[in-house]
Amino acid sequence: IKYDDNGYPYNGMFPPTEDLLNGNDGYDSIGNGVFFYDYAVRGYNIDFNYKGRHYALMGWMDGVPIALLDADDKELQRFEDPMDAVLHCEIDGRKFLDIMEELTDIECG
């Protein structure tokens with residue numbers, strides 16, 4: 001997490017682009033705003049669907065382990081921090097960053 005000149009936190013690895021300030025926290029899509037800001041910076045849990053199956057990425061805000069859960073709340077993977085999750089999470093053998101555009105029903109939980 002980095003901070004701008006006004007003390008506002010942002011994702012230093014995947015920073016927002018100011019010319020894209022469009023309600024998505026400076027990102028080009030709702031999904032990117034949710035994962036790169038709400039999840040990675042703010043620590044919110046994120047619920048989403050991938051290929052018709054429900055998943056949740058647990059953030060740090062609730063004090064629970066940072067992990068990927070399936071629809072039955074079974075822990076599939078555990079991570080050191082939110083950026084570790086964004087960079088190393090895999091679903092069906094595919095990197096999370098490679099499938100982000102295929103995720104649906106993305107919500108902060």
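Basis of the calculations
- Residues numbered from 1 in each chain as written.
- Predicted model: local features only at pLDDT ≥ 70, side-chain atom pairs only at ≥ 80, totals over all residues.
- Heavy atoms only, no water.
- Helix = DSSP H or I, 4+ residues; strand = E, 2+ residues; numbered from the N terminus.
- Buried < 20%, exposed > 50% of the residue type's maximum accessible area, 1.4 Å probe, protein only.
- Core = buried A, V, L, I, M, F, W, Y, C linked by side-chain atoms within 4.5 Å.
- Contact = heavy atoms within 4.5 Å.
- Pairing = 2+ DSSP bridges.
- Axes fitted to C-alpha atoms, helices over the stretch in contact; angles between N-to-C directions.
- Polar contact = N/O pair within 3.5 Å; in protein donor to acceptor, adjacent residues only side chain to side chain.
- Phe/Tyr/Trp six-rings, centres within 6.5 Å; stacked < 30°, edge-to-face > 60°.

Trainee: Requested: an account of unusual backbone geometry, with residues and values cited.
Mentor: Look at Asp 92: it is not a glycine, yet its phi comes out positive at around 55°. Structurally, the position occupied by Asp 92 is in the loop between β7 (90-91) and β8 (94-95). Asp 92 sits in the partly exposed class, given a relative accessible area of 47%.

Trainee: I'd love a proper account of the nonpolar core, names of residues and values included.
Mentor: Ranked by size, the top nonpolar core spans 25 residues in total, and within it Phe 35, Phe 48, Leu 57, Leu 68, Ile 91 and Phe 96 carry the most contacts. Broken down by secondary-structure element, the contributors of at least two residues to this core are α1 (30-39), β3 (46-50), β4 (53-57), α2 (82-88) and α3 (96-99). Ranked by residues supplied to this core, first place goes to α1 with five residues. Not counting chain neighbours up to four residues away, the residues in contact with Phe 48 comprise Phe 35, Arg 53, His 54, Tyr 55, Leu 57, Leu 68, Ile 91, Phe 96, Leu 103, Thr 104, Asp 105 and Ile 106.

Trainee: So what's going on with the sheet that holds strand β5 (residues 67-70)? Residues and values would help.
Mentor: Think of a sheet as strands paired side by side through backbone hydrogen bonds, with each pair either parallel or antiparallel. Sheet architecture is open: five strands sit in the order β6-β5-β4-β3-β9, paired in antiparallel fashion. Each of the sheet's edge strands pairs with one partner strand only, and the pair in question is β6 (75-78) and β9 (104-108). Shown here is a sheet whose adjacent strand axes are inclined to one another by a mean of 20°, direction ignored. Helix-sheet contacts for α1 involve β3, β4 and β9, and the interaxial angle to β9 is about 30°.

Trainee: A description of the side chain of Asn 32 should follow, citing residues and the corresponding values.
Mentor: Along the chain, Asn 32 turns up in helix α1. Residue Asn 32 is classed as buried on the basis of its relative accessible area, which comes to 11%. A distance of 2.7 Å separates a polar atom in the side chain of Asn 32 from a polar atom in the side chain of Asp 28.

Trainee: Which residues make up the packing of aromatic side chains, and what values go with them?
Mentor: By the definition in use, this model includes seven aromatic pairs. With a centroid separation of 5.8 Å and 20° between ring planes, the pair formed by Phe 48 and Tyr 55 is classed as stacked. On the basis of relative accessibility, which here comes to 0%, the residue Phe 48 falls in the buried class. Feature note: the residues Phe 35, Phe 48, Tyr 55 and Phe 96 constitute an aromatic cluster, connected by ring pairs.

Trainee: Just give me the short version of the pairing of β4, but keep the residues and values in it.
Mentor: Within a regular strand, the side chains alternate between the two sheet faces. Of the strand pairs in this sheet, β3 and β4 are connected by five bridges, and their pairing is antiparallel. Bridge pairing in β4 links Ile 46 to Leu 57. Taking the residues that link successive antiparallel strands as the turn, the β3-β4 hairpin has two residues, and the phi of Lys 51 there is positive, at about 50°. Where β4 lies against β5, three bridges are found, and the strand directions are antiparallel. Note that in β5 the partner of Leu 57 across the bridge is Leu 68.

On their own, these measurements won't tell you what the molecule is for.
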